Amino acid sequence: MTSYSQRSAIGRLLTKERGTIYKVFGSLPSAAICFPNIYRLGASNLGLHFLYQTVNSRSDFLGERFFCDFQPISLENCQPLNRFNIILFPIPYELDFANCLEMLHCAGIPPLRKDRTEAHPIICAGGVAVTMNPLPLYDFMDIMVLGDGELTLPVLLDTFIGTKGKKQEILQTLRGDTGFFVPGDEHDDEISKIPRRAIYHDLIGPPISSVFLTPETEFPDTCLLEMTRGCPYNCAFCYIGHNQKPFRFHHFESITQVMKDKSSMTNRFGLISSAVTAHPELDKICEYAMRERLDISFSSLRADHLSDPVIGILIQSGQRTLTLAPETGSDEFRNALAKSMTNDEILDAVARGLKAGIVNLKLYFILGLPGEGAGEIEASAELVRKIQRILVEEGRKRGHIGEIIVAVSFFVPKPGTPFAAKPQPGISDLKKRQQRFHASLRALPHVRFQPADPYEAAVQMRLSCGGRDTAKILLNKIKGRLSWKTALGLFKT
Ligand code: SF4
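Residues numbered from 1 in each chain as written. Predicted model: local features only at pLDDT ≥ 70, side-chain atom pairs only at ≥ 80, totals over all residues.

Chemist: What should I look at first to understand the domain arrangement of the chain in this one?
Modeler: Quite often, the size of an interface is put as the accessible area lost when its parts meet. Splitting the chain by domain gives domain 1 (3-193), domain 2 (222-319) and domain 3 (320-452). Each of domain 1 and domain 3 was reduced to a C-alpha centroid, and the two centroids are 37 Å apart. (Domains from an automatic or database assignment.)

Chemist: Explanation requested: the pairing of strand β4 (residues 122-126) in the structure shown.
Modeler: For a regular strand, side-chain orientation follows a simple rule: the groups alternate between the two sheet faces. Counting buried positions along β4 gives five out of five residues, so the element sits mostly inside the fold. Covered by surrounding structure in β4 are I122, C124 and G126 together with I123 and A125, the residues of both alternating faces. As judged from the five bridges shared by strand β3 (residues 86-90) and β4, these two strands associate in the parallel manner. Considered in β4, the bridge of P90 is made with G126. In the classification by handedness, the crossover that spans β3, the intervening helix α4 (residues 97-106) and the parallel β4 is right-handed. When β4 meets strand β5 (residues 143-145), the two strands line up parallel, connected through two bridges. Among the inter-strand pairings, C124 is bridged to a residue of β5, identified as I143. (Buried ≥ 20, exposed ≤ 12 C-beta atoms within 10 Å, placed from the backbone. Helix = DSSP H or I, 4+ residues; strand = E, 2+ residues; numbered from the N terminus. Pairing = 2+ DSSP bridges. Right-handed = clockwise from strand over helix to strand, strands pointing away.)

Chemist: Got a minute to help me understand the sheet that holds strand β2 (residues 62-67) in this structure?
Modeler: Hydrogen bonds along the backbone pair up the strands of a sheet, which may run parallel or antiparallel. Read across the open sheet, the six strands follow the order β2-β1-β3-β4-β5-β6; overall the sheet is mixed. Each edge of the open sheet is held by one strand with a lone partner, namely β2 and β6 (180-181).

Chemist: Looking at this structure, how should I read the pairing of β2?
Modeler: The element β2 is largely enclosed, with a buried count of six among its six residues. The alternating pattern of β2 places L62, E64 and F66 on one face and G63, R65 and F67 on the opposite face, and all of these are buried. Pairing analysis gives six bridges linking strand β1 (residues 30-35) to β2, with the strands arranged parallel. Following the sheet pairing, A32 is matched in β2 by E64.

Chemist: What exactly am I supposed to notice about the site of the ligand here?
Modeler: Taken together, the neighbourhood of the ligand is formed by C231, Y233, N234, C235, C238, I240, G241, S274, A275 and K339. Among the residues making up the shell around the ligand, the classes are represented as six nonpolar, three polar and one charged. (Near = placed C-beta within 6 Å. Nonpolar A, V, L, I, M, F, W, Y, C, P; charged D, E, K, R; others polar.)

Chemist: It is not clear to me how the environment of C34 should be interpreted in this structure. Could you clarify?
Modeler: Within the element layout of this structure, C34 appears in strand β1. C-alpha separation for the pair C34 and C100, spaced 66 residues apart in sequence, amounts to 7.9 Å.

Chemist: In this structure, what is going on with helix α11 (residues 308-316)? I would like to understand it.
Modeler: Because each turn of an α-helix spans 3.6 residues, side chains separated by three or four positions in sequence point in the same direction. Burial in α11 covers these residues: V310, I311, I313 and L314. Take α11 and look down its axis: the buried residues cluster within an arc of 165°, on one side only. Buried residues in α11 make contact with α10 (282-291), β11 (295-298) and α13 (343-356). Immediately downstream of α11, the backbone of G318 shows phi near 80°, a positive value. (Arc of directions from axis to C-beta. Contact = placed C-beta atoms within 7 Å.)

If you want it as structure tokens, here you go:
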């Protein structure tokens, strides 16, 4: 796309947005908020909204947004990335690491830290993927922010102001502080220097919510709202459950206050949480939303806590798809994964949802988990068959049979979990497991199989658990504009 067509595309996007924040570029120190993926995904990312709100709520800073589907110019003032003082990358997934480097490269900023000078912007990365394992980005970033941004972002911006933006002084000031991982020189013993993550224990203040709304995203014109942080469950494969403790939640009053405050912009709210049904006041919140005629959507729901008020608000809001994560179809195996949920509870949730008016289902399964054999894969297929029978039966009564999407992901060992040291099966093994699962569902009508990419899972595993050397995979990927498969092959040789 030419620069002119880029600007036109950005202009069209902004005319559809509400809540965009404009300040005069050049009048204040500037932060580029770079989401390392496309606009459609970034607009539904609460980490991005948090940065946009926090930076711009200050009178001494300005923040503008960048996305991967545009050249590196800001949406608000069409300014090039290399003109900003600080670059902030909120990174939810490991595979987005490569997009960060690509964005820098496209902006003429050397991705490797050793190739940059004092004159280049200060480049910072944060978010779950960085907190989980900052080492793949060690050679690229000036600062990596670990943990909750409420505690770290104000310190970073204050330090910038206090040092008048002198990069070396900023790095010296922050090095070793809780939540700030500031890399040293090439020969550093980096692992011993990873600081503790910052934990915002109290979750005081209003919940993080959408600053701007747009129809051009997964949740169109919806105000996303953070319900909880962490998770009270401890599924053995899951990073969040084991590493984002303690489980915290926003109270009914603060959640409904956001709903009231944003009611002039929208009546649609997306409740975001890794464990929304663990919120102790969820039913009360749903009943409030019913009374106020608000439309509510959820990121995903746990089948064992699917209450009638939750189903009720889904139906009233016009939601037609129920998203559940059985992970496996074997109760025994699910128990071994420390996921306390049974097939009976899943089938009951499905039946109640379909009876109430849900039409489609999305089911998440993980393949390649430690201890998984052919029997566990068959059990997952059997659970889908049972769910499909309920879907068809309820659909016939209604005169329309919906669809089940079976979405697969592969096991990726995560640091700080009981499965951290468990091996991920090899790529050909992962492919076979997926083929076996797919084959057992192929003949089943109304079921759509959404496969996972085993190469991406293999890269994800290295980026989640690997050391500084994994930077090579990222460099391979961006230098040659390679697929993950090829970038991984070069890393191994
Ligand atoms: S998989 Fe879901 S329920 Fe289990 S620990 Fe993780 S976030 Fe919590």
